[in-house]
Each structure stands twice: as structure tokens, then as C-alpha cells.
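# Geometric and topological summary
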Amino acid sequence: MDDFFEPIPADPMARLAQLDEDTREHVIGLALAIHDAPPHLDGLNRGEAKLVHIVRRAGGCLVTHECIAEAISGRVLDDPRRNVYVRLCHIRKKRPDLAEHIKPLPGVGLRWVA
């Protein structure tokens, strides 16, 4: 084993303790956004509202398709990218005012742009 890299603790709280304060606050905020119930957004169903909520709460950071799809469905999906893009397509049709802030990074995920 190379002594250059410190081992990563298995305990999630120990991992958080290793992060700098800003990163730690961002990670905790993102985790809360994923598990919080999304606010009601006119014209969107629950899954679409949750997608907007997760991406908006990430504060401009990239959120992967896998993370979004699992948070919305509550389980791991076979094709999370398709699931996310279908929901994004519906959001674009129903709420273009919100959709203009959601920027996809093809093959990776979505981020919120103010």
C-alpha cells in the first residue's frame, strides 16, 4: 500500500470530518435536499418537482443522473439517464421558466444555473 494516500474511513461521519467546512456544508445540504420532500411546484408532478428541488439545492454543482434518479424513485434504476432526461423534457414543456436554469452535462448529470 502506498503511504502517500491516507485511507478513507468507512464511517460516513468520519469522512465528513475530513472535509473542509465549506465542502462539508455543501455535502450536508445536498444530502438534505435529496431526502427532503420537494415544495409544490405548479404544473409539475412529484418526481419532476423533486428533480428541480435537488438540482436547485445543489447550488450550481453537478448532480449525477444516478443520484437524481435514485432520489426520485427510491431505488437504483437500470437506465437513470433516460429517466432524468424524460423528466427534464416534461419540465421543459410544462415550466420553461424553471427549465432554462437546468443545464445538462450529457452523459453525466445536471446543474442549476442562476
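Everything that follows concerns the structure shown earlier in this document.
Residues numbered from 1 in each chain as written. Predicted model: local features only at pLDDT ≥ 70, side-chain atom pairs only at ≥ 80, totals over all residues. Heavy atoms only, no water.

### Structural notes on the pairing of strand β2 (residues 102–105)
Across four bridges, β2 lies against strand β3 (residues 109–112) in antiparallel orientation. Counted as the bridge partner of Lys-103 is Arg-111 from β3. Between β2 and the antiparallel strand that follows it, β3, lie three residues; Gly-107 among them carries a positive phi value of about 85 degrees. (Pairing = 2+ DSSP bridges. Helix = DSSP H or I, 4+ residues; strand = E, 2+ residues; numbered from the N terminus.)

### Comments concerning the pairing of β3
The pairing of strand β1 (residues 63–64) with β3 spans two bridges and is classified as antiparallel. Bridging across to β3, Val-63 finds its partner in Leu-110.

### Brief notes about a nonpolar patch on the surface
There is a patch of nonpolar side chains on the surface, built from Leu-62, Leu-105 and Val-108 and spanning about 210 Å² of accessible area. With respect to the element layout, Leu-62 can be found in the loop between α3 (46–57) and β1. (Patch = residues over 30% accessible without salt bridge, like charges linked within 9 Å, V, L, I, M, F, W, Y side chains within 5 Å. Areas by Shrake-Rupley, 256 points an atom, 1.4 Å probe, with all protein chains shown as cover. Salt bridge = Lys/Arg side-chain N within 4 Å of Asp/Glu carboxyl O.)

### Considerations on the pattern of salt bridges
The final tally for this structure, using the stated rule, is two salt bridges. Between Lys-94 and Glu-48 there is a salt bridge, and its shortest N-O distance comes to 3.0 Å. Here the residue Lys-94 occupies a position in helix α5 (residues 80–94), and Glu-48 occupies one in helix α3, the gap between them amounting to 46 residues. By relative accessible area, which is 40% here, Lys-94 ends up partly exposed. (Buried < 20%, exposed > 50% of the residue type's maximum accessible area, 1.4 Å probe, protein only.)

Keep in mind these numbers describe shape, not what the thing actually does.
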